[in-house]
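A structural walkthrough
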Amino acid sequence: MPVLRLESVSLAFNGHRAVDGLSLRLEPGEVYALLGPNGAGKTTTLNMILGFLKPDGGSIHVDGIDAVADPLAARARIAYLPETVMLHPALTAIENLGYFALLAGRKIDAATARNLLADAGLQDEAHDRRAQGFSKGMRQKVGVAIALAKEARLLLLDEPTSGLDASAANDLGQVIRGASDRGIAVLMATHDLFRVKDVARRLGILHAGRLVDERDAAAIGPVELERLYLERLAA
Ligand code: ATP
């Protein structure tokens, strides 16, 4: 069973179709990048998957659950990392993880929290530091640890690579591969063609709310991808 299935999903704002007949399918462990410029409909798509917006048409299933009819049940299976992962600044990484896991209905002890943070790639010396001053990459790692703690089936990331340096982007790739190895499906929305190409296994190009291309990341080089992207957006 796919972890995420969108069938002909559409949503219009004031007669303008922000998402137009979008179909997507992510199997367990699949890492998918939804590429598109500002206004392509990426955030609207994530918001519909999360149940914050209701599509006008089509269906969305998360782990077999109808996300339109039962958004709470669907959301329980999703971990969402916005462009900036918000953590409580006064709490340490361990405490943040405990707190957010509890909000998701999971009680975890400090030893488990340490293991999850290590699995998410957060360096040991940061586990007991207050989150205030954490870099974007460190926040993402705590966010992934929260996803692991709540045993999410689907990880959604909005612009995960923006503002990351090369080393942090490389870390992100490893963390996402780790999540994927556990069977978590990962959907990233981004306009960063280059960084995301090393992380995602499948790429979809969204233009004016429509999926205009879809292919395996391994089958396309960076220069070819840029050319394809520009061609598809010009069409
Ligand atoms: P960005 O990277 O800028 O967030 P995006 O690909 O995520 O871009 P969306 O934010 O999903 O794009 O927007 C898609 C279209 O829908 C745009 O034309 C936008 O102006 C419009 N739109 C989005 N949200 C609303 C809203 N609440 N009311 C009216 N129009 C909206």
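Before going into details, it helps to say that this report is about the structure given with it.

**So, the sheet that holds strand β9 (residues 202–207)**
- Taken in spatial order, the 6 strands of this open sheet run β6-β7-β8-β3-β9-β10, and their pairing is mixed. Because the sheet does not close on itself, it has two edges, and the strands there are β6 (78–81) and β10 (210–216). Sheet twist, expressed as the average angle between the axes of neighbouring strands with direction ignored, equals 15 degrees.
- By the bridge criterion, 6 bridges tie β9 to β10 in an arrangement that is antiparallel. Following the sheet pairing, Arg202 is matched in β10 by Asp216.
- Helix-sheet contacts for helix α8 (residues 222–234) involve β3 (31–35), β9 and β10, and the interaxial angle to β9 is about 25 degrees.

**Description of the packing of helix α4 (residues 110–119) against helix α5 (residues 136–149)**
- Across the interface, α4 lies against α5 with an axial gap of 8 Å and an inter-helix angle of 120 degrees. Our classification of the angle between α4 and α5 gives oblique. Here the hand of the crossing between α4 and α5 comes out right-handed. Of α5, the residues touching α4 (which contributes Leu116, Leu117 and Asp119) are Val142, Ala145, Leu148 and Ala149.
- Residue classes in the contact of α4 with α5 are distributed as 6 nonpolar, no polar and 1 charged.

**Describing empty space enclosed by the protein**
- The tally for this structure, following the rule as stated, stands at 1 cavity of 30 Å³ or more.
- In this structure, the largest cavity spans a volume of roughly 30 Å³.
- What lines the largest cavity is simply Gly137, Gln140, Lys141, Ala168, Asp171, Leu172 and Val175.
- Ranked by residue count, the leading element in the lining of the largest cavity is helix α6 (residues 166–181), at 4 residues.
- A per-class count over the lining of the largest cavity returns 3 nonpolar, 2 polar and 2 charged.
- Each of two domains, domain 1 (4–77 + 153–234) and domain 2 (88–152), supplies a minimum of three residues to the lining of the largest cavity.

**Structural notes on the side chain of Gln140**
- The topology assignment puts Gln140 in helix α5.
- For Gln140, a relative accessible area of 5% gives the class buried.
- There is a polar contact of 2.7 Å between the side chain of Gln140 and the backbone oxygen of Pro160.
- Sequence-distant contacts of Gln140, defined by excluding residues within four places in its chain, comprise Leu81, Val85, Pro160, Leu164 and Leu172.

**Describing the layout of surface pockets**
- Considered as a void within the structure, the largest pocket measures approximately 400 Å³ in volume.
- Ala79, Tyr80, Phe100, Ile146 and Lys150 are, among the 16 residues lining the largest pocket, the residues nearest its centre.
- Among the elements of the structure, β6, α3 (93–103) and α5 are those that each provide at least two residues to the lining of the largest pocket.
- Its residues placed into classes, the lining of the largest pocket shows 13 nonpolar, 1 polar and 2 charged.
- Formed jointly, the lining of the largest pocket draws a minimum of three residues from each of two domains, domain 1 (4–77 + 153–234) and domain 2 (88–152).

Criteria and thresholds
Residues numbered from 1 in each chain as written. Predicted model: local features only at pLDDT ≥ 70, side-chain atom pairs only at ≥ 80, totals over all residues. Heavy atoms only, no water. Pairing = 2+ DSSP bridges. Helix = DSSP H or I, 4+ residues; strand = E, 2+ residues; numbered from the N terminus. Axes fitted to C-alpha atoms, helices over the stretch in contact; angles between N-to-C directions. Contact = heavy atoms within 4.5 Å. Parallel < 35°, antiparallel > 145°, perpendicular 65-115°, else oblique. Left-handed = near helix turned anticlockwise from the far one by under 90°. Nonpolar A, V, L, I, M, F, W, Y, C, P; charged D, E, K, R; others polar. 1 Å grid on protein atoms, 1.4 Å probe; cavity = no way out; pocket = protein on both sides within 12 Å on 5 of 7 lines; lining within 4 Å. Points joined across faces, edges and corners; volume = space filled by probe spheres on them. Domains from an automatic or database assignment. Buried < 20%, exposed > 50% of the residue type's maximum accessible area, 1.4 Å probe, protein only. Polar contact = N/O pair within 3.5 Å; in protein donor to acceptor, adjacent residues only side chain to side chain.

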